[in-house]
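# A closer look at the structure
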Amino acid sequence: MAVHRGWGLEAYLAAHPHPDYLEMPGRLQNLTVGPYGDRAGDVILIAHNGDQKEVEGRYYFASLYHSWHGSPSKKDTQVPLILAHPTKSRAVLESQVSRALEQGHSVAAVTRLLLGLREPENAPH
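No experiment lies behind these values; they were computed from the predicted model shown.

## As for the nonpolar core
Counting residues in hydrophobic clusters, the biggest one holds five residues: Leu93, Val97, Ala100, Leu113 and Leu117. For this core, the elements supplying multiple residues, two or more each, are helix H4 (90-101) and helix H5 (107-117). Ranked by residues supplied to this core, first place goes to H4 with three residues.

## Some thoughts on the side chain of lysine 88
Within the fold, lysine 88 resides in the loop between helix H3 (74-77) and H4. Buried within the structure, lysine 88 lacks any salt-bridge partner; glutamate 119 is the closest side chain of opposite charge, at an N-O distance of 6.1 Å. Side-chain polar atoms of lysine 88 contact the side chain of glutamine 96, separated by 3.2 Å. Polar side-chain contacts of lysine 88 include one of 3.3 Å to the backbone oxygen of leucine 117.

## With respect to unusual backbone geometry
In this model, glutamate 23 sits at a positive phi of 50 degrees, which is unusual for a non-glycine residue. Looking at glutamate 23, the relative accessible area reads 53%, which means it is exposed.

## Quick notes on the pattern of salt bridges
Within this structure, the stated rule accounts for one salt bridge. In this structure, arginine 90 engages glutamate 94 in a salt bridge whose closest nitrogen and oxygen atoms are separated by 2.9 Å. Linking arginine 90 with glutamate 94, this pair stays in helix H4, spanning four residues, or about one helical turn.

## Thoughts on the packing of H4 against H5
Where H4 meets H5, the closest approach of the two axes is 8 Å, and the angle between their N-to-C directions is 145 degrees. In terms of crossing hand, the pair formed by H4 and H5 is right-handed. Within the contact between the two elements, H4 uses Leu93, Gln96, Val97, Ala100 and Leu101 and H5 uses Ala109, Arg112, Leu113, Gly116 and Leu117.

## Remarks on H4
Between its first and last C-alpha atoms H4 spans 16 Å; for twelve residues at 1.5 Å apiece the expected length is 16 Å, and the two agree. Considered for burial, the residues of H4 that qualify are Leu93, Gln96, Val97 and Ala100. Down the axis, H4 shows its buried residues gathered within 100 degrees of arc, on one side only. For H4, the elements touching its buried residues are H5.

Definitions and cut-offs
- Residues numbered from 1 in each chain as written.
- Predicted model: local features only at pLDDT ≥ 70, side-chain atom pairs only at ≥ 80, totals over all residues.
- Heavy atoms only, no water.
- Core = buried A, V, L, I, M, F, W, Y, C linked by side-chain atoms within 4.5 Å.
- Buried < 20%, exposed > 50% of the residue type's maximum accessible area, 1.4 Å probe, protein only.
- Helix = DSSP H or I, 4+ residues; strand = E, 2+ residues; numbered from the N terminus.
- Lys, Arg positive; Asp, Glu negative; His and termini not counted.
- Salt bridge = Lys/Arg side-chain N within 4 Å of Asp/Glu carboxyl O.
- Polar contact = N/O pair within 3.5 Å; in protein donor to acceptor, adjacent residues only side chain to side chain.
- Axes fitted to C-alpha atoms, helices over the stretch in contact; angles between N-to-C directions.
- Left-handed = near helix turned anticlockwise from the far one by under 90°.
- Contact = heavy atoms within 4.5 Å.
- Expected span 1.5 Å × (residues − 1).
- Arc of directions from axis to C-beta.

Everything listed is a geometric property; what it means functionally is a separate question.
Written out as structure tokens, the structure is:
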């Protein structure tokens, strides 16, 4: 299937649902905008390489290969968040995580969280 301008990912996913592709339109938008958006490339290929349980349902457009790049699938999207801090209590850490992630889960949210962990406990928010 040829993809052309005007064929939005949201429309494609509405016609071909992939429940395992978590927040895919927003993730691609975040990847391709901003000061480094030009580094994302012109083509993003989504093949059935990790979202199909059965190997027979997968295809790559090439011979068998191994890749260390992520995919839009749930297993490559979800990352455990484990926090520890030498002086901050569990309640304080939970509060900081909630504040950092209230606008959604993203690399920017984790950055906000990490910066917040560097602040003293009594710093204004």
